[in-house]
Amino acid sequence: MNDEPQMILIAGPYRSGTDGDPSAMAANLVRLEAAAWPVFAAGHIPMIGEWVALPVLRAAGARPTDPLADEVLYPAAERLLARCDAVLRLPGDSAGADQDVAIARRRGLPVYHDVAEIPRREAQVSA
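Every value quoted in this text rests on a predicted model; they were computed, and no experiment measured them. (Residues numbered from 1 in each chain as written. Predicted model: local features only at pLDDT ≥ 70, side-chain atom pairs only at ≥ 80, totals over all residues. Heavy atoms only, no water.)

## Here's the deal with the overall build of the protein
Thought 1: Of regular secondary structure, the protein possesses five helices and four strands.
Thought 2: Reading the secondary structure of the protein in the N-to-C direction produces β-α-α-β-α-α-β-α-β.
Thought 3: With the C-alpha coordinates of the protein rotated into their principal frame, the extents come out at 45 × 30 × 25 Å.
Thought 4: In the protein, of all internal contacts separated by at least 6 residues, the share reaching a separation of at least 24 is 66%.
Thought 5: Carbon and sulfur atoms provide 54% of the accessible area of the protein, an area that totals close to 7200 Å².
Thought 6: The protein carries 12 positive and 17 negative side-chain charges, and their two centres are separated by 3 Å. (Helix = DSSP H or I, 4+ residues; strand = E, 2+ residues; numbered from the N terminus. Contact = heavy atoms within 4.5 Å. Areas by Shrake-Rupley, 256 points an atom, 1.4 Å probe, with all protein chains shown as cover. Lys, Arg positive; Asp, Glu negative; His and termini not counted. Charge placed at Lys NZ, Arg CZ, Asp CG, Glu CD.)

See the structure below:
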């Protein structure tokens, strides 16, 4: 691996299994975000599709449970994967995360299932 930081999409359940319950979706987002620190600590750039999609939905006057969400959440992740270098797939049933993994594999990107699998970068000294 070259020593450039990878942008790693963290994929896992967000809406799946929540029956549209906002508190359950918020808990899932907290779980996704909990993986951001280990990715960053390994020297990489964590990315979560909802960090892009949720503000887009709010700007459109929609919520994650509105019909427009399918036209934003999945495409946002797919567009991000055009720029990402890898995927970290967290446990749990999620059609969207499974789709992210399938896209990553088609593009030849690594798919990690545990943060321990992510290669650590050497500490960089800023000039």
